[in-house]
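Examining the three-dimensional arrangement
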Amino acid sequence: MAERLRTDTATALRAIRGMGFSGYPEFRRYLHELTIAHATSLDSMLASTTPNSDIPSHVRDSLEQDQKNFIGFRNALNTKQLARLAQRMWSARRIILLGGDLASALVFYLEHHLVVLGLPVFSATSPGRVVHLVRTTGKKDLVLAISFHRALRQTVEGMRQAKAKGGYCVGITDTFVSPIARFAHECLIVSVETCHFGDSYVGPMALMNVLLVACANYRRGYALALAREAAEEQQRGFRWYEE
């Protein structure tokens, strides 16, 4: 880096420390996180290690990246943090889920299961819905904001407004330099890195599942009672196809 800047390493290191970094490793990590935050689908495809390979090779590369994302999530998972979050969710007046674009799929998945558990959950995946929903946020409300890379404006602004009104905000994103991580009271980091044109939601889906496990087992007796009622409908309900 010093060579590219036409200076010496000592001068470069002083500049890095002058910006508030402890040293070059921390600065390098920050640059890496910025790369993640600003990555596009085109960048992901161009970064593929086998750009001219056949389709089976691309499929294997994608699966290997998914596996890396999952292993990274598993190794970094803080189970005590999840337990505390489950407690907050059960004690909250309302649980507000904010997301948009592709993250809407995660919002809908989490909302569906929280409704099954009987929790007071509300979701917003469009700008107008976000504005109206966070307007009445209070100190007893819990806000889960989900967005990756640079983060959607509607999700970031919605979370900031909810926080200003006293709501407790939890962010779910893929890098600590994301505005989601910066403005939330606490944050869960999970990679969505991929080698194809979209994002990999293997890690975020694993996070949704363990969060639901924590919620269900925080009040296990109540969850089991609801599951028994649901089982009756799942076995005999009119929604299910029968020959």
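Here goes a summary of the coordinates provided. (Residues numbered from 1 in each chain as written. Predicted model: local features only at pLDDT ≥ 70, side-chain atom pairs only at ≥ 80, totals over all residues. Heavy atoms only, no water.)

The grouping of M1, L5 and Y24 at the surface amounts to a nonpolar patch, some 300 Å² of accessible area in total. Structurally, L5 can be placed in the segment before α1 (9-18). (Patch = residues over 30% accessible without salt bridge, like charges linked within 9 Å, V, L, I, M, F, W, Y side chains within 5 Å. Areas by Shrake-Rupley, 256 points an atom, 1.4 Å probe, with all protein chains shown as cover. Salt bridge = Lys/Arg side-chain N within 4 Å of Asp/Glu carboxyl O. Helix = DSSP H or I, 4+ residues; strand = E, 2+ residues; numbered from the N terminus.)

Inspection of the secondary structure puts T173 in strand β4 (residues 168-173). Setting aside residues no more than four positions away along its own chain, T173 makes contact with S147, F148, H149, S178, I180, A181, C187, L188, I189 and V190. (Contact = heavy atoms within 4.5 Å.)

Moving on to the sheet that holds strand β5 (residues 186-189). Spatially, five strands are ordered β2-β1-β3-β4-β5 in an open sheet, and the strand pairing comes out parallel. Strand pairing shows two members of the sheet lacking a second neighbour, β2 (121-124) and β5, which therefore form its edges. Neighbour-to-neighbour, the strand axes of the sheet open up by a mean angle of 20°, direction not taken into account. Pairing analysis gives four bridges linking strand β1 (residues 94-98) to β2, with the strands arranged parallel. (Pairing = 2+ DSSP bridges. Axes fitted to C-alpha atoms, helices over the stretch in contact; angles between N-to-C directions.)

To continue, consider helix α6 (residues 104-116). Here α6 spans 18 Å end to end across 13 residues, near enough to the 18 Å set by a 1.5 Å rise per residue. Looking at α6, one finds that the buried residues are S104, L106, V107, L110 and L114. One side of α6 carries all its buried residues, which in axial view fall inside an arc of 150°. Contacts made by the buried residues of α6 are with α5 (79-91), β1, β2, β3 (141-146) and α10 (202-218). (Expected span 1.5 Å × (residues − 1). Buried < 20%, exposed > 50% of the residue type's maximum accessible area, 1.4 Å probe, protein only. Arc of directions from axis to C-beta.)

This part covers the state of the cysteines. In this structure the tally under the stated criterion is zero disulfides. C187 takes part in no disulfide bond, and the closest cysteine sulfur to it belongs to C169, at a distance of 11 Å. Taking the relative accessible area as the measure of exposure, C187 reaches 21% and is therefore partly exposed. Here C215 is not disulfide-linked; the sulfur of C169 is the nearest cysteine sulfur, at 17 Å. (Disulfide = S-S within 2.5 Å.)

We now examine the packing of helix α4 (residues 55-76) against α10. The contact between α4 and α10 brings their axes to 8 Å, and the two run at 40°. Where α4 crosses over α10, the two elements pack in a sense that is right-handed. Facing D66, F70 and F73 of α4, the residues of α10 in contact are V202, A206, L207 and V210. (Left-handed = near helix turned anticlockwise from the far one by under 90°.)

Moving on, we get to unusual backbone geometry. Positive phi outside glycine occurs at D101, with the angle close to 55°. Checked against the element boundaries, D101 lands in the loop between β1 and α6.

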